[in-house]
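Summary of structural features
What follows is the residue order along each chain.
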Amino acid sequence: MSMLQVSIYRYNPETDSAPYMQEYQVDTQGRDLMVLNVLEMLKAEDTTLAYRRSCREGVCGSDGMNMNGKNGLACITSLSEVVKDNKLTLRPLPGLPVVRDLVVDMGLFYQQYERIQPYLQNDEPAPAIERLQSPEERDKLDGLYECILCACCSTSCPSFWWNPDKFVGPAGLLQSYRFLADSRDKATRERLAELEDPFSVFRCRGIMNCVAVCPKGLNPTRAIGKIREMLLANAT
Amino acid sequence: MVTNVTNLGRSGLSDWLIQRVSALILALYTLFIVAYLLFNPGLDYAAWSGLFAQTWMRIFTLLSLISIAAHAWVGLWTVTTDYIKPTGVRVGTQIVIILAIFVFLVWGIQVLWGA
């Protein structure tokens, strides 16, 4: 009973005409492994299997994938959290083009991240020491700066699936608010002007898939609400 | 900044606000009509016509008509931009929806002031 049934999405555009699901059997010896451990065991047997991984401890955000229907990081998701009826189905993050097997092209995701200008903008003369913040001002950045850009949230969002070129997506908007909320950033007005169209922020329908899947426990929906409040305060 | 020309308010913020205010007005109107029908079981033409002859009721009804027109425009525009990808079909559908909303609005005003 310790043989785990693993079903993995396989696609190699150089040899396959269409994607298919490949079945594997893994002997977990009754251990509650992480999903990434299972992939490593399979990779040792079948070297053609492709996926991204790096730190294996939920810091780098490389191994975001869809496990039994829910996005998450394979390295910090244990089998007991996702496996049902001894079966594990692994698919690439939904909504992004597949490069090969579980590897997706993150281009659209990064384009939206780039669009929100994820860096401090301040053209006032730099002080002799750092630009200081009060502890209260610094507290506003908690729950925002921890994002590792794994794309689990944006690729679980239907609004991002339908309009990945126009809707910034939960990850980008969380980062956008991280700079809108920063007391040292002076480009608030310009940032808000970029966001008030019907797509960039307002395509969010508040279904909170992003909150449900975030491996770091962050809340993009709340950040989007805060951006809306800022837009409203600025325009009424 | 993403440019749009067929949404109601030209800005996501104004569409968002219009959607929320119109929803509130429509909820109030629905509650009022349902309550009115419940409290007047033996409703006849004279009473119904008398209700709509009053200025406040006409204002309330016209406000609701405009609200449903705006609400439908914003909502259906969003649906078309999510699901209809070929530009020609999308713009065509949006124009048909906008024209239909206009027709229903004028017709509604005529019904309201005609009787």
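Residues numbered from 1 in each chain as written. Chains lettered and ligands numbered in written order. Predicted model: local features only at pLDDT ≥ 70, side-chain atom pairs only at ≥ 80, totals over all residues.

1. Some remarks on the overall build of chain A
Inclusion rule: Each helix is a run of DSSP H or I of at least 4 residues and each strand a run of E of at least 2, with the numbering of both proceeding from the N terminus. We call a residue exposed when 12 or fewer other C-beta atoms sit within 10 Å of its C-beta, buried when the count reaches 20 or more, and partly exposed for counts in between; the C-beta positions come from the backbone. Whether two residues are in contact is decided by their C-beta atoms, placed from the backbone, lying within 7 Å.
Scanning chain A from N- to C-terminus turns up 9 helices and 7 strands. Across its three principal axes, chain A shows a C-alpha extent of roughly 60 × 35 × 30 Å. Classification of the 236 residues of chain A by burial places 36% in the buried group. If you take every contact in chain A between residues at least 6 apart in sequence, the share linking residues at least 24 apart comes to 66%.

2. Some points on the interface of chain A and chain B
Selection rule: Three residue categories are used. Nonpolar comprises Ala, Val, Leu, Ile, Met, Phe, Trp, Tyr, Cys and Pro, charged comprises Asp, Glu, Lys and Arg, and polar comprises the others, including Gly.
Tallying the contact residues gives 15 residues for chain A and 11 residues for chain B. Top element by residues in the side of chain A that touches chain B is helix α9 (residues 220-235) of chain A. It accounts for 3 residues. Each residue belonging to the side of chain A that touches chain B can be placed in one class, and the counts come to 9 nonpolar, 2 polar and 4 charged.

3. What to know about the domain arrangement of chain A
Residue and element names in this part refer to chain A. Condition: An automatic or database domain assignment is the source of the domain bounds shown.
The assigned domain composition of chain A is domain 1 (3-104) and domain 2 (107-235). Here the C-alpha centroids of domain 1 and domain 2 sit 29 Å apart. Counting from both sides, the interface comprises 14 residues of domain 1 and, opposite them, 14 residues of domain 2. For the side of domain 1 that touches domain 2, the element with the most residues is strand β4 (residues 70-73), which contributes 4 residues. Looking at the side of domain 1 that touches domain 2 residue by residue, the class counts come to 7 nonpolar, 6 polar and 1 charged.

4. Section: the sheet that holds strand β3 (residues 64-67) of chain A
Residue and element names in this part refer to chain A. So the rule is basically this: Two strands make a pair as long as DSSP finds a minimum of two bridges between them. Angles shown run from 0 to 180 degrees and are taken between the N-to-C directions of axes, each axis being a line fitted to C-alpha atoms and, for helices, limited to the stretch in contact.
One open sheet holds the 5 strands; their spatial order is β2-β1-β5-β3-β4, and the pairing between them is mixed. The sheet terminates laterally at β2 (20-27) and β4, the two strands that pair on one side only. In this sheet, neighbouring strand axes are inclined to one another by 30 degrees on average, regardless of whether the strands run parallel or antiparallel. Packing against the sheet, helix α1 (residues 35-45) makes contact with β1 (3-10), β2, β3 and β5 (87-91), and its axis sits at approximately 95 degrees to β2.

5. Concerning the pairing of β1(A)
Regular strands have side chains that alternate between both faces of the sheet. Here β1(A) runs beside β2(A); their pairing, made up of 8 bridges, is antiparallel. From the neighbouring strand, Ser7(A) faces β2(A), where its bridge partner is Glu23(A).

6. Here we look at the environment of Thr80(B)
Within the fold, Thr80(B) resides in helix α3 (residues 55-83). Apart from residues no more than four positions distant in its own chain, Thr80(B) is found in contact with Arg90(B), Thr93(B) and Gln94(B).

7. Considering the packing of α3(B) against helix α4 (residues 87-114) of chain B
Residue and element names in this part refer to chain B. As a reminder of what qualifies: Should an angle lie under 35 degrees it is considered roughly parallel, over 145 roughly antiparallel, and from 65 to 115 roughly perpendicular; all remaining angles are considered oblique.
The geometry of α3 relative to α4 is characterised by a closest axis approach of 10 Å and an angle of 170 degrees between their N-to-C directions. For the element pair α3 / α4, the angle class is roughly antiparallel. Touching Arg-58, Thr-61, Leu-62, Leu-65, Ala-69, Ala-72, Trp-73, Leu-76, Trp-77 and Thr-80 of α3 are Arg-90, Thr-93, Gln-94, Ile-97, Ile-98, Ile-101, Leu-105, Gly-108, Ile-109 and Leu-112, all from α4. Split into classes, the residues belonging to the contact of α3 with α4 amount to 13 nonpolar, 5 polar and 2 charged.

8. Here we look at the environment of Phe109(A)
All names here are of chain A. Within the fold, Phe-109 resides in helix α3 (residues 107-115). Looking at Phe-109, the number of C-beta atoms within 10 Å reads 23, which means it is buried. Spatially, the C-alpha atoms of Phe-109 and Cys-150 are 9.8 Å apart, while their sequence positions differ by 41 residues. Look past the residues within four positions of Phe-109 in its chain and what remains in contact with it is Leu-96, Ala-151 and Ser-154.

9. Observations concerning the environment of Leu43(B)
Residue and element names in this part refer to chain B. Residue placement: Leu-43 occurs in the loop between α1 (12-39) and α2 (45-53). Look at Leu-43 and you get exposed, because 12 C-beta atoms sit within 10 Å. Sequence-distant contacts of Leu-43, defined by excluding residues within four places in its chain, comprise Leu-37 and Trp-48.

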